[in-house]
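Structural description and commentary
Okay, here's what each chain looks like letter by letter:
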Amino acid sequence: MATATGTLALAIATFFSIRSANHAARVAERTLLVGLRPVLMPSRAEDRAEDVLFGDDHSLSVRGGLAVVEEVGGRYYLAISLRNVGAGLAVLRGWHVSDGRARLKHDHPDVAAARRQQRDLYVGAGDIGYWQGAVRDEDDPFLRTVRQSVAEGTPLTVDLLYGDHEGGQRTVSRFVLYHREKGGSEWRSEVTRHWHLEGPSPR
């Protein structure tokens with residue numbers, strides 16, 4: 001009986017020890033990941049302007065704290081000045097455009113519907129950079145949304161998909177663009193939501 005009781009006590013102690021160790025390991029892993037997580041926000045007004053070059057040789061400049069939506073011959077070129085306030089390198093991988101009403105939705109678009117960047121865009125930790133996208137073709141599903149927003153002066157919602165350089169830490173951040181002046185190409189930019197696609201999310 002004494003031996004059995006001792007064995008049971010040892011088993012219970014071992015169980016709780018392993019459970020505690022696993023919990024500590026999970027906490028340490030989460031702390032490490034948070035320390036490497038990129039988080040994109042609009043840049044500040046005092047940040048330098050970024051020169052943005054597109055694949056068809058069109059170029060534009062986007063100032064700190066702002067976005068640009070520029071129409072040239074029926075084509076629309078978009079850019080947002082960004083700041084990475086997280087501790088890890090941000091690699092932009094995709095984007096989705098919708099009208100301003102999407103800013104009120106509590107969920108992000110299906111990641112599978114995101115348009116892939118033609119090239120990866122990098123924003124270093126604590127540094128500034130930019131996102132760029134273009135809507136060129138008449139059959140582009142984003143064309144009507146962008147064209148209507150520009151013509152009517154209504155907000156535009158841009159969901160950006162990004163993560164770390166290894167493909168992890170995937171996050172969607174929602175940016176909403178507002179006209180500074182109807183007919184002008186500069187727009188005010190603000191972020192309204194972040195969704196972490198791997199692990200716990202802020203909401």
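Here is a short report on the structure shown in this document. For every chain, the first residue of its written sequence is number 1, and the numbers climb from 1 along that sequence. Thresholds applied to this predicted model are a pLDDT of at least 70 for local features of residues and 80 or more for the giving and counting of side-chain atom pairs; totals over whole chains, interfaces and linings are not thresholded and use all residues. Note that water and hydrogens are dropped before the side-chain values are worked out from all heavy atoms of the structure.

1. Section: the pairing of strand β10 (residues 171-179)
- For each residue, the accessible area found with a 1.4 Å probe, counting protein chains only, is set against the maximum for its type, and the residue is called buried under 20%, exposed over 50%, and partly exposed in between. Numbering of helices and strands runs from the N terminus; a helix is a DSSP stretch of H or I covering at least four residues, while a strand is a stretch of E covering at least two. Here β10 lies mainly inside the structure; 9 of its 9 residues are buried.
- Alternating positions in β10 separate into two faces, Thr171, Ser173, Phe175, Leu177 and His179 on one and Val172, Arg174, Val176 and Tyr178 on the other, with burial throughout.
- DSSP calls a pair of strands paired once it identifies at least 2 bridges connecting them. Taken together, the 7 bridges between strand β9 (residues 156-163) and β10 define a ladder with antiparallel strand orientation. Bridge pairing in β10 links Thr157 to Val176.
- Direction of pairing for β10 relative to strand β11 (residues 186-196): antiparallel, over a ladder of 9 bridges. Bridging from a neighbouring strand, Val172 pairs with Trp195 of β11.

2. So, the pattern of salt bridges
- Put simply, a salt bridge is a Lys or Arg side-chain nitrogen that is within 4 Å of an Asp or Glu carboxyl oxygen. Scanning the model with the defined rule gives 13 salt bridges in all.
- Residue Arg170 pairs with Glu198 through a salt bridge whose shortest N-O separation is 3.5 Å. Here Arg170 is found in the loop between β9 and β10, whereas its partner Glu198 is found in the segment after β11, with 28 residues between them in sequence.
- On the basis of relative accessibility, which here comes to 34%, the residue Arg170 falls in the partly exposed class.
- The shortest N-O distance in the salt bridge between Glu186 and Arg180 comes to 3.0 Å.
- Salt bridges sharing common partners tie together Asp56, Arg75 and Arg136.

3. Considerations on the side chain of Asp140
- With respect to the helices and strands, Asp140 occurs in the loop between β8 (128-135) and α2 (143-152).
- Polar side-chain contacts of Asp140 include one of 2.7 Å to the side chain of Arg115.
- With residues near it in sequence (within four places) discarded, Asp140 still touches Arg115, Ala134 and Val135. Distance and chemistry together define a polar contact, namely a pair of N or O atoms within 3.5 Å, with one atom able to donate a hydrogen and the other to accept it when in protein, and with adjacent residues in sequence counting only for side-chain atoms on both sides. We call two residues in contact whenever any of their non-hydrogen atoms come within 4.5 Å of each other.

4. Digging into the pairing of strand β3 (residues 59-62)
- Side chains Leu60 and Val62 project from β3 onto a buried face, and the interleaved Ser59 and Ser61 project onto a face without burial.
- The pairing of strand β2 (residues 50-53) with β3 spans 4 bridges and is antiparallel. What sits directly across from Asp51, in β3, is Ser61.
- Hairpin connection from β2 to β3: 5 residues lie between these consecutive antiparallel strands, with Asp57 at a positive phi of about 75°.

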